Amino acid sequence: MINYFSSDYKLGILGGGQLGKMLLYETRKYDIHTNVLDPSLEAPCKISANHFVQGDLMDYDTVLEFGRKVDLLTFEIESVNLEALKQLEKEGILVYPSSGTLEKIQNKAIQKKFYRSNHIPTANFSVFKNKAELINAVEKKSLNLPFVWKSATGGYDGKGVMVINSEDKLSNISEGECIVEELIPFKNELAVIVARNPSGEMKTFPVVEMEFHPTANQVEYVICPARIDKTVADKARKLAEKVSEAFQHVGLLAVEMFQTEDDEIIVNEVAPRPHNSGHYSIEASYTNQFEQHLRAILDLPLGDTSSKVGGIMVNLSGEEGFEGNVVYENIGNIMKLPGVTPHIYGKKITRPFRKMGHVTIVNQDLVEARKIAEEVKITIRVISE
């Protein structure tokens, strides 16, 4: 086995946001040397990495130069230069998840076609080259409202996704390639995180249930375990394993799903990295998602994914009407509540709906945890000075 611990072995991370910061907690625990690349000098990872580099994640030469100085490269954001990853792999640098996996996921049109060709259940969809082609299809009645519009690239945190239920909303969509999905009536939005290492060992975390903000299209609550029948949960985990096998990914794969009205499970989309839906695991699981990602990419034995206790995650997003130096109003009040742990991401400037942190609530009684989560949500405010 390679000696990763207290050695000269270098792990490179593309992206220095909150996911990278939480991954660095685990590298510190195991004393693994880390190099981080991010465009911002204010990146949350800067304080914890052994070596921080400021640079453009989409610039070929920048990513290539950075990658050549590490032994293994991973990423905490999908918007990275794919061609540079391919070249690094040719030069013998390990990249996990691989450029091949990322290439199938980075573009949502390619991702959806991948599901279709691999017989993975997903919503019916159409691909359009640009906004004009989409509008033309609506005008000619070959495409009927309502539908879900998604930008093929660049969407995140609720951006690049919109329910179009009237023609006047078409003016709000961006230019460029996009997909249109059938609007699926569903009972629940679910997610399963799958871990897989190069040796092929695979484990799934329990199914979580996600509750979304009605206007921001961001997750407000993640509930583990999901409040669903065991038969539905087993079906979701089995489907997540099928998706993992299809992608042949290494690391974590977060599989977002819909539970339909007749209890079928269909895949919405995936993320090849630690994910918002797994943050509860830091406090609630025997092995949290960030340690599991590290174990997976280093080809170490995967940890126990089961939960020690029920967990609920509450997102902390910037409130509407506030922009500037962040203030976490009433944070002391929520810390008095049982089982509450806040995580502050280290972003100095808040703006509406920007992810600034999260709070985990753990409790043996999930009903009680949900009540405390509601109290947390209405008590703490992410505002500016």
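Please refer to the structure placed before this passage.
Since we're looking at a predicted model, the values are computed, not measured.

So, on to the pattern of salt bridges. For the coordinates displayed, the defined rule picks out 22 salt bridges. The partner of E181 in a salt bridge is K112, and the shortest N-O contact between them spans 2.9 Å. Linking E181 in strand β9 (residues 178–181) with K112 in helix α5 (residues 108–117), this pair joins segments that are 69 residues apart in sequence. Taking the relative accessible area as the measure of exposure, E181 reaches 4% and is therefore buried. The partner of E181 in a salt bridge is K150, and the shortest N-O contact between them spans 3.3 Å. With a gap of 31 residues between them, E181 in strand β9 and K150 in strand β7 (residues 147–151) connect regions that are remote in the sequence. According to the relative accessible area criterion, K150 is buried, its value standing at 5%. Bridged by salt links that share partners, the residues E209, E211, R227, R370 and E374 form one connected network.

Moving on: the side chain of N197. As for its placement among the helices and strands, N197 is situated in the loop between β10 (186–196) and β11 (202–204). N197 gets classed as buried once you look at its relative accessible area, which sits at 3%. Within the structure, N197 has its side chain in polar contact with the backbone nitrogen of E201 (distance 3.0 Å).

Okay, the environment of I179 next. With respect to the helices and strands, the residue I179 is situated in strand β9. The exposure class assigned to I179 is buried, which follows from its relative accessible area of 0%. For the pair formed by I179 and F125, sequence separation is 54 residues and the distance between their alpha carbons is 6.6 Å. When neighbours within four sequence positions are excluded, I179 is seen to be in contact with K108, A109, K112, S126, V127, V148, W149 and K150.

What follows concerns the sheet that holds strand β21 (residues 381–384). Taken in spatial order, the 3 strands make up an open sheet running β19-β17-β21, and their pairing is antiparallel. Unpaired on one side and paired on the other, β19 (349–350) and β21 mark the two borders of the sheet. Where strand β17 (residues 324–329) and β19 come together, 2 bridges link them in antiparallel fashion. From the neighbouring strand, G324 faces β19, where its bridge partner is T350.

What counts, and where the lines are drawn
Residues numbered from 1 in each chain as written. Predicted model: local features only at pLDDT ≥ 70, side-chain atom pairs only at ≥ 80, totals over all residues. Heavy atoms only, no water. Salt bridge = Lys/Arg side-chain N within 4 Å of Asp/Glu carboxyl O. Helix = DSSP H or I, 4+ residues; strand = E, 2+ residues; numbered from the N terminus. Buried < 20%, exposed > 50% of the residue type's maximum accessible area, 1.4 Å probe, protein only. Polar contact = N/O pair within 3.5 Å; in protein donor to acceptor, adjacent residues only side chain to side chain. Contact = heavy atoms within 4.5 Å. Pairing = 2+ DSSP bridges.

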